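# Per-entry structural report
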Amino acid sequence: VEKVTGFAIAGAMHGYSEADMLAALNEIRARVRPSHGEINVLRMDSHPTHRSKGVRDYLIDEQLRMQLSPPYVHEGVGAAENFFMYAVPSANALLHASPDLSENHFAQAFYYVTRAKNYSVTHGSSPPSTPAMRYFKTVVYLNSGLLAFGSEAMALVHGEARSTKFDDHAKGCIYVGPAINSDSAAHCAVFYEKRYVDVDLGCISVNETTVLE
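First, a word on what this report is: a plain description of the structure on this page. Small disclaimer: the values here were computed from a predicted structure and weren't measured. All residue numbers here refer to positions counted from 1 along the written sequence of the relevant chain. Local features in a predicted model are, by the rule used here, given only for residues with pLDDT of at least 70; side-chain atom pairs are given and counted only at 80 or more, and totals for whole chains, interfaces and linings are based on all residues. Calculated side-chain values reflect all of the structure's heavy atoms, with hydrogen atoms and water omitted.

### Considerations on the nonpolar core
This is how the line gets drawn: Working definition of a nonpolar core: buried Ala, Val, Leu, Ile, Met, Phe, Trp, Tyr and Cys residues. They are joined through side-chain atoms within 4.5 Å. To sort residues, take the accessible area from a 1.4 Å probe on protein chains only and compare it with the maximum for the residue type: under 20% means buried, over 50% means exposed, and anything in between is partly exposed. Secondary structure is summarised from DSSP: a helix means a run of H or I of at least four residues, a strand means a run of E of at least two, and numbering begins at the N terminus for each. Contact criterion: two residues are considered in contact whenever any of their non-hydrogen atoms come within 4.5 Å of each other.
Among the nonpolar cores identified, the biggest contains 25 residues, and Leu 94, Leu 101, Ala 109, Phe 149, Cys 173, Val 176 and Ile 204 are the most heavily contacted of them. Elements that contribute at least two residues to this core include exactly α4 (78–96), α5 (106–118), β3 (152–156), β4 (170–178) and β5 (187–192). Not counting residues up to four positions away in its chain, the partners in contact with Phe 149 are Leu 94, Leu 95, Ser 98, Leu 101, Gln 108, Ala 109, Tyr 112, Tyr 175, Val 176, Gly 177 and Val 211. Counting residues in each nonpolar core, the second largest holds 16 residues, with Leu 22, Leu 42, Tyr 58 and Leu 59 among its members.

Written as structure tokens, this is what we have:
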């Protein structure tokens, strides 16, 4: 799918264990299936996790073909490696511009960059289109829904979450881009009380001034 559309899927890998690898494979398969059906071939580099017995047994049971590059060779996954070359510095730049966030928010910044790339018109595409448009097979432009990463914000506290009518109707937070548990551009994530919380974009007020300056 990535080779054909340029669409990148991020956020699946949460560690380097065999269990993390299997969870990532299942998440990627679940994301791809609605638009493109089943994945038949998985192309990866020779990271020890990729070569583990558990991963191989999983692929055999699921009748999936695995293609591994030789050790220290990355050409087989060149599109992903090229994306990392500019996506990682871009994520670092977002963090540098965010006065209230540090490097431990890198994963969410990288997720933001991936969303931005997927919803930006690709140079040379004819007619002009984004990877998301090609991935979802539409000629209608799809909005990323992104605001300035790291901006200060106020998020609505829904009536059901308030104990009394005198409780605060909004809480201060930091906008951190795409929602964690939703792919909809109508949702986003905020950093509030040392954790990420998914909210509706229509329920937050964002001040982008400091970040943009």
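### A short note on the side chain of Gln 108
Counting through the fold element by element, Gln 108 comes out in helix α5. Accessibility expressed as a relative area gives 5% for Gln 108, which makes it buried.

### Some thoughts on helix α2 (residues 18–36)
In plain terms, the rule: Expected helix span is computed as 1.5 Å times (number of residues minus one).
For α2, which comprises 19 residues, the first-to-last C-alpha distance of 26 Å matches the rise-based estimate of 27 Å (1.5 Å per residue) to within 8%. Among all positions in α2, only Met 21, Leu 22, Ala 24, Leu 25, Arg 29 and Val 32 are buried. Considering only its buried residues, α2 is in contact with β1 (41–44), α3 (53–61) and α6 (131–135). Directly after α2, the chain includes Gly 37, whose backbone phi takes a positive value near 80 degrees.

### Considering α5
Helix length check: α5, at 13 residues, gives a terminal C-alpha distance of 18 Å against a target of 18 Å (1.5 Å per residue), a fit within 8%. Gln 108, Ala 109, Phe 110, Tyr 111, Tyr 112, Val 113, Thr 114, Arg 115 and Asn 118 are the residues of α5 that are buried. Contact partners of the buried residues in α5: α2, α4, α6, β4, β5 and β6 (195–200).

### Observations concerning the pattern of salt bridges
Going by this rule: One speaks of a salt bridge when a side-chain nitrogen belonging to Lys or Arg is within 4 Å of a carboxyl oxygen belonging to Asp or Glu.
What the rule picks out here adds up to seven salt bridges. Measuring nitrogen to oxygen at the nearest pair gives 3.2 Å for the salt bridge that ties Arg 31 to Glu 27. Note that Arg 31 and Glu 27 are positioned in helix α2 at a spacing of four residues, about one turn of the helix. By relative accessible area, which is 26% here, Arg 31 ends up partly exposed. Looking at Glu 27, the relative accessible area reads 24%, which means it is partly exposed. A salt bridge links Asp 57 to Lys 53; its shortest N-O distance comes to 2.7 Å. Of this pair, Asp 57 and Lys 53 both sit in helix α3, four residues apart, which is roughly one turn of that helix. In the salt-bridge network here, residues are joined through shared partners; they are Arg 29, Arg 33, Glu 38 and Glu 62.

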